[in-house]
Amino acid sequence: GESVGLHLPTLSVQEGDNSIINCAYSNSASDYFIWYKQESGKGPQFIIDIRSNMDKRQGQRVTVLLNKTVKHLSLQIAATQPGDSAVYFCAENIEGTYKYIFGTGTRLKVLA
Amino acid sequence: EPEVTQTPSHQVTQMGQEVILRCVPISNHLYFYWYRQILGQKVEFLVSFYNNEISEKSEIFDDQFSVERPDGSNFTLKIRSTKLEDSAMYFCASSEGVQWGAAGELFFGEGSRLTVL
């Protein structure tokens, strides 16, 4: 598959540990955010979303935190597994538009 | 589970040739998108399409690009005269749309890799 993100920041974690991936978004008018996972050679896959009227949302093994004051989003993955190895992107939707702006991405490597 | 499908998975073309990338969005979705990802870079918005017209487009989406929904199921991206810098992975996406304004969760296809020689 293609090698995505040759110059991406990389987070390496031990299997079973928790992972925290951070994202700074750009526009204070953004009101909806999504975290995507992209495996090599594949399209982005939805993980979890959050609206701007919330500051935390939990899914299965994943939690998204939103800090609108500093325009910061984080994705927490509990008990990281080898299958979690991928590039993770945050995407913001600017209120009133259909456009999603993607962040630069973080490569997560899970060490056995 | 319904999914967005794209064809071809990989296309190699000569510079200056026309290319059409095809997508079948999820059937009950109303909003359609094209994004691209140059190798090693982030996913970039190209265009959004709703109610049979372009809703928004980026500065990348110049006169060489066009989109069409020729029938009830397909959504196409045409590049009229390809350039070397058009080489990228092109992703189609669709979403249901939600009442409060944002287009909701995007579902992406697996992508079409375009290589321009």
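Every chain begins its residue count from 1, and numbering advances along the sequence as written. The lettering of chains begins at A and the numbering of ligands begins at 1, in the order of writing. Under the rules for a predicted model, residues below a pLDDT of 70 receive no local features and side-chain atom pairs below 80 are neither given nor counted, while totals for whole chains, interfaces and linings still include all residues. Hydrogens are left out, water is left out, and the side-chain values use all remaining heavy atoms of the structure.

Draft legend 1. Spatial organisation of the sheet that holds strand β8 (residues 75-79) of chain B. All names here are of chain B. In space, the 4 strands of this open sheet follow the order β1-β3-β8-β7, with antiparallel pairing throughout. The sheet is open, and its two edges are formed by β1 (5-7) and β7 (65-68), each paired on a single side. On average, each strand axis in the sheet is tilted by 20 degrees relative to the strand beside it, whichever way the strands run. Pairing analysis gives 3 bridges linking β1 to strand β3 (residues 19-24), with the strands arranged antiparallel. Only when DSSP finds a minimum of two bridges between them are two strands counted as paired. Each helix is a run of H or I in the DSSP string that is no shorter than four residues. Each strand is a run of E no shorter than two, and both are numbered from the N terminus. Here an axis means a line fitted to C-alpha atoms, over the contact stretch when the element is a helix, while the angle between two N-to-C directions is reported on a 0 to 180 degree scale.

Draft legend 2. Representation of the pattern of salt bridges. A side-chain nitrogen of Lys or Arg and a carboxyl oxygen of Asp or Glu constitute a salt bridge if their distance falls within 4 Å. Applying the stated criterion across every chain yields a total of 3 salt bridges over all chains. The closest approach of N and O atoms between A:Arg61 and A:Asp84, which form a salt bridge, is 2.9 Å. One end of the pair, A:Arg61, is in the loop between β5 (56-58) and β6 (62-67); the other, A:Asp84, is in the loop between β7 (72-77) and β8 (86-94), and 23 residues separate them in sequence. Only protein chains enter the area calculation, which uses a 1.4 Å probe; residues under 20% of their type maximum are buried, those over 50% are exposed, and those in between are partly exposed. The class for A:Arg61 is partly exposed, based on a relative accessible area of 29%. Residue A:Asp84 is classed as buried on the basis of its relative accessible area, which comes to 6%. Between B:Glu44 and B:Arg36 there is a salt bridge whose closest N-O contact spans 3.1 Å. Judged by relative accessible area, B:Arg36 falls into the buried class, the value being 10%.

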